[in-house]
Amino acid sequence: MYDSDCVVVMGSNMAENHPVAFRWPMKAKVEHGAKIIHIDPRFTRTSAVADIYAPVRAGSDIAFLGGVINYVVNSEKWNKDPFFKSFVVNYTNAATIISEDFKDTEDLDGVFSGLMQSKGGVAEWPFNGFINQYDGASWQYARTKVGAQGEGAAATAKSGETKVSSGPDGTKAPPTPAAKPDGKSEEVPSFVPLVASLVKPPALRDETLQNPRCVFQIVKKHFSRYTPEMVEKTTGCPKEMFLKVAETILANSGAERTTSFAYAVAWTQHTYGVQIIGACALLQLLLGNIGRPGAGVMALRGHASIQGSTDIPTLYHSIQGYLAAPTALKKHDTLKDYITAETIPTGYWANMPKFMVSYLKSVYGDAATKDNQYGYDWHPKILGDHSHMAMFAAMNAGKVKGMICVGQNPATSLNAKLERSGLRKLEWLDVKDNWITETANFWKTAPEVKNGEVKTADIKTEVFYLPATQVAELEGTFTNTQRLLQFHHKAAEAPGDCRSDTWFSYELGKRLKKLYANSTLPRDEGWKNVVWDYEHEDEAERKKGEPSALKILKEINGFFTEDPARHCVGFGDLKEDGSTTCGSWIYSGVYPAVGKLLADRRTPDPPGKPGAHLEWGWAWPANRRVMYNRASADPAGKPWSEKKKWVWWDAEAKKWVGYDVPDYIAAKPPNDKAKPGAAGMDALPGTAPFIMRPDGLGWLFVPAGLVDGPLPTHYEPVESPVTNPLYKQQTSPVYKHWKDAGNVLAKLGDPKFPYVLTTYRLTEHYLAGGMSRWLPWLTELQPELFVEISPELAQQKGIKNLDWCKISSPRTQIRAKALVTRRMRPFTIDGKVIHQVGMPWHWGYEGLSKGDVVNELTSLIADPNVSMHEGKAFVCNVEKA
């Protein structure tokens, strides 16, 4: 971001919530005049240092970004500058033709083709919550028929001609496993022919971008209604301010200049959060701001290793390195079925069988063999949505027996009163945390217990508390927001019985293995065979039961099964034949040899030298700092400009070189042609930077992977005081809602809840307060809960600064002190004045500083892709208390 000419912060208060990261945009501003733009419902400290502050109504981000997209594609600069045309035609799917069956929101008044009715709700497990679902078959690329132009041959469509079949037609059936001499089939055939059999016929393209069914024309038509006037009508941002933002972004994009975006949970916490991020990615692709220095989209993570916990995940639907978790809902019966269903046969994901087999070898070691599918049958399968809200919906319905709660505080979480109701229905609860949190004491000090609504004697849940170490009391790695792994060393001994999370997981695993050791049940073979030997090298640590962080990191990095002392030096070493083990393919290379821990490096580049600080820590994948950086060079492999030079093709050395590790096949030249019918990287030409996509292109239009539509579309939050100004469809047609008497929603424009409420964090406190409200210094700085309201709303309601207020939603009501401030402002939306209020959500009923739980006001509704809640835009009422 230091290399940016413009930084747009939207969906984040970066200065206050990510102050260490924010030093880089500030250095860019101070040292070479970069512009900072802040787009947000509140005027914050980020706004105070921004060159442009654009106020928007909470939840209207897609309308704003859609307006910028419409502005860009209709601008003179974008249409005349050859850089944009070259980038978009060669590096995105703008020229790709979409199926004739596809219907856009323009055709269906706010929904896409393929919308189906869904039972959803909380009737039976899994509690997926869908109100409806899409069948995305009509969103696919139009492809040549097998034999029409030769399998895998280059396909071209003239303007207006789309006489092709669509979707996965023409895909060949996987081969039958080869027979052994005894007539029996191999359990696991070589995956190379299997992957090759999955290759689809080529998609049709129109590089003139004139075909009405090419992606560019669909995108242009889709966003045509997002005019500056409509942006003002929907977001409340004045037209002149919107145009200033759009002009500044466009002026700072091109061969010589780059713009970057930064976002955080104010983009994700919506029922269309994934689509907000997609709108930004679409815009950045149109502007050539991906894969280049000072460009891209930065997801600002809210915790020290949240990135790490998605890479090697605590997520239910992913096992490691973004491989899908085996599921009972798909044909995943065998390893071959899983590979067939989940492998993308063209591009770098064609290597997925190597990653999966190496992962299974990591889990089950020598017991994982070709004859038993490398232990695949032992691996657990998911049943549906096992995310936080689905889990608590199930818990409240009495479907969950016990919960291990580590570093989380659900008693103050989403629709917290309902979640505490779920906790009361558990047989047992284990809380491992630094302090006796609200979750640990929900049976004793929760509001419903204190007011007599619930009696402690009636709560059957047995609660265990295990004291946890602080971060400085253990060693290991962090993976930060830019995918950078850094090793941290133990600085102090933990007091008393406090134990690390690694100790807990390791000790629990050892005890479970002991319990299963004598079982003869087939279902228990997995636990009996799981690899679980990470004893610490230091005798004192070993006596305490603390596992070795280095041995665990070696398991993650990978090694050769015939020579365990030989570490993998990168994911290029991984094999599908069981000869390598690797806990997470994207981390392979971080620990390539004993004594060579790359995450522990701390050597910055010399001042003034262009570079990516490659000797500081280690970034996945393969220490590449700018992802997809092949896009920093033009199709011929030359830098787009000297100023933005990053990675380029060295014709003499016959390889990609640069200031960064090239995110590409090192010796694949720019003039390399795609090989007809091939799998893997041979299927892509040397001009395709986005190697994890099956066509090697950045997707403006998303034909697969999202469940709520191929293009971002403005919908209102599920609870909104206004009618959608853009479409007849009010909300996302496929959001999730876990229906329960304690999870009711306000109807559109409900006069009992006329105001928009958004939540946020403060610098002085952290999340639900479990790491901050027990510290006297921080509680002095921010001693109590407050609600920010505008002077206009305060006058209307007769509320003065520091008055007690009652804030209510359809779920419950809470109290807070009024903070009357011009940081909040009313908006005029479609001719109607809409007031917004803001509340931090750090408080609860334990700790040195206590306050009402703001999340009690929220509901269990979610984005359909990732089950993220809508905590940044819902309705409330505010009254003097």
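Cut-offs used in this document
- Residues numbered from 1 in each chain as written.
- Predicted model: local features only at pLDDT ≥ 70, side-chain atom pairs only at ≥ 80, totals over all residues.
- Heavy atoms only, no water.
- Salt bridge = Lys/Arg side-chain N within 4 Å of Asp/Glu carboxyl O.
- Helix = DSSP H or I, 4+ residues; strand = E, 2+ residues; numbered from the N terminus.
- Buried < 20%, exposed > 50% of the residue type's maximum accessible area, 1.4 Å probe, protein only.
- pLDDT = per-residue confidence, 0-100.
- Contact = heavy atoms within 4.5 Å.
- Polar contact = N/O pair within 3.5 Å; in protein donor to acceptor, adjacent residues only side chain to side chain.
- Pairing = 2+ DSSP bridges.
- Right-handed = clockwise from strand over helix to strand, strands pointing away.
- Axes fitted to C-alpha atoms, helices over the stretch in contact; angles between N-to-C directions.
- Parallel < 35°, antiparallel > 145°, perpendicular 65-115°, else oblique.
- Left-handed = near helix turned anticlockwise from the far one by under 90°.
- Nonpolar A, V, L, I, M, F, W, Y, C, P; charged D, E, K, R; others polar.
- Expected span 1.5 Å × (residues − 1).
- Patch = residues over 30% accessible without salt bridge, like charges linked within 9 Å, V, L, I, M, F, W, Y side chains within 5 Å.
- Areas by Shrake-Rupley, 256 points an atom, 1.4 Å probe, with all protein chains shown as cover.
- Disulfide = S-S within 2.5 Å.

Some words on the pattern of salt bridges
Think of it this way: side chains of opposite charge can pair up when their charged atoms draw near. The final tally for this structure, using the stated rule, is 45 salt bridges. Note that Glu 856 is salt-bridged to Arg 420, the shortest N-O span being 2.7 Å. In this pair, Glu 856 sits in the loop between β28 (836–840) and β29 (861–862) while Arg 420 sits in helix α18 (residues 416–423), placing the two residues 436 residues apart along the sequence. For the pair Glu 856 and Arg 420, one class covers both residues: buried. Through salt bridges that share partners, Asp 5, Arg 257, Lys 643 and Lys 644 make up one connected network.

Describing the confidence of the model for the chain
Residue-level pLDDT values for the chain average 93, and 94% of them are 70 or greater. Confidence over residues 147–187 falls short of pLDDT 50; this stretch has 85 contacts with residues more than four positions distant or in other chains.

Here we look at the side chain of Lys 736
As for its position among the elements, Lys 736 is in strand β21 (residues 736–737). Residue class for Lys 736 comes out buried when judged on its relative accessible area of 3%. Separated by 2.5 Å, the side chains of Lys 736 and Asp 385 make a polar contact. In contact with Lys 736, not counting residues within four places along its chain, are Asn 128, Gly 129, Phe 130, Asp 385, Leu 860, Ile 861, Ala 862, Asp 863, Pro 864 and Ser 867.

Section: the pairing of strand β11 (residues 428–433)
Most of β11 sits inside the fold, with five of its six residues counted as buried. Bridge analysis of strand β10 (residues 402–406) against β11 gives five bridges, and the strand direction is parallel. Within β11, the position partnered with Cys 405 by the bridge is Val 431. For the crossover from β10 across α18 to β11, the handedness is right-handed. Sheet topology places β11 next to strand β12 (residues 462–467); six bridges connect them, and they run parallel. From the neighbouring strand, Asp 430 faces β12, where its bridge partner is Phe 464.

A few points about the packing of helix α15 (residues 335–342) against helix α16 (residues 352–364)
The geometry of α15 relative to α16 is characterised by a closest axis approach of 10 Å and an angle of 140° between their N-to-C directions. Judged by the angle between their axes, α15 and α16 are oblique. Pair α15 / α16 crosses with right-handed handedness. Residues Leu 335, Tyr 338, Ile 339 and Glu 342 of α15 form the contact with α16, whose participating residues are Met 352, Pro 353, Met 356, Val 357 and Leu 360. Of the residues belonging to the contact of α15 with α16, the class tally is eight nonpolar, no polar and one charged.

Some points on the pairing of strand β1 (residues 6–10)
The element β1 is largely enclosed, with a buried count of five among its five residues. Across the two faces of β1 the burial is the same, with Cys 6, Val 8 and Met 10 and Val 7 and Val 9 all buried. Pairing of β1 with strand β8 (residues 259–263), which is carried by four bridges, proceeds in the parallel orientation. The residue of β8 that forms the bridge with Cys 6 is Thr 259. The pairing of β1 with strand β2 (residues 35–40) spans five bridges and is parallel. Paired with Cys 6 across the bridge in β2 is Lys 35.

Focus: the sheet that holds β10
Taken in spatial order, the three strands of this open sheet run β10-β11-β12, and their pairing is parallel. The two strands at the open ends of the sheet, each matched to only one other strand, are β10 and β12. The sheet shows a mean angle of 10° between the axes of neighbouring strands, direction not considered. Contacts between helix α21 (residues 501–516) and the sheet are confined to β10, β11 and β12, with β10 contributing the most and set at about 150° to the helix.

What to know about helix α13 (residues 273–286)
With 14 residues, α13 should cover 20 Å at 1.5 Å per step; its first-to-last C-alpha distance of 20 Å lies within 8% of that length. Taking burial as the measure, the 14 residues of α13 include ten buried ones, the bulk of the element. For α13, the complete set of buried residues consists of Gly 273, Gln 275, Ile 276, Ala 279, Cys 280, Leu 282, Leu 283, Gln 284, Leu 285 and Leu 286. Positioned one or two residues after α13, Gly 288 has a phi angle of 70°, which is positive.

Thoughts on the sheet that holds strand β15 (residues 559–560)
Pairing within the open sheet is antiparallel, and its three strands lie in the order β16-β15-β17. This sheet does not close on itself; its edge strands, each paired only once, are β16 (563–567) and β17 (580–581). When β15 meets β16, the two strands line up antiparallel, connected through two bridges. Bridged to Phe 560 within β16 is Asp 563. Running over the sheet, helix α24 (residues 549–557) touches β15, β16 and β17 and is turned about 85° from β16.

Points about unusual backbone geometry
With an omega dihedral of -5°, the bond running from Trp 620 to Pro 621 counts as a cis peptide bond. Within the secondary structure, Pro 621 sits in the loop between β18 (618–619) and β19 (647–650). Residue Lys 654 is not a glycine yet carries a positive backbone phi of 60°. As for its placement among the helices and strands, Lys 654 is situated in the loop between β19 and β20 (655–658). By relative accessible area, which is 59% here, Lys 654 ends up exposed. Of note in this structure, Asp 830 is not a glycine but carries a positive phi near 55°. If you trace the backbone, Asp 830 turns up in the loop between β26 (827–829) and β27 (832–834).

With respect to helix α2 (residues 19–32)
End to end, α2 covers 20 Å across 14 residues, agreeing with the expected 20 Å (1.5 Å per residue, within 8%). Buried residues along α2 sit against β1, α1 (14–17), β2 and α3 (45–49).

Quick word on a nonpolar patch on the surface
A surface patch of nonpolar side chains, amounting to about 400 Å² of accessible area, comprises Ile 404, Val 406, Trp 428, Phe 464 and Leu 508. What makes Ile 404 partly exposed here is its relative accessible area of 40%.

Some words on the state of the cysteines
Under the definition given, this model contains zero disulfides. Sulfur of Cys 582: no disulfide; nearest cysteine sulfur belongs to Cys 568 and is 6.1 Å away. The exposure class of Cys 582 is buried, given its relative accessible area of 1%. Free of any disulfide, Cys 876 has its nearest neighbouring cysteine sulfur in Cys 805, separated by 11 Å. Residue class for Cys 876 comes out buried when judged on its relative accessible area of 0%.

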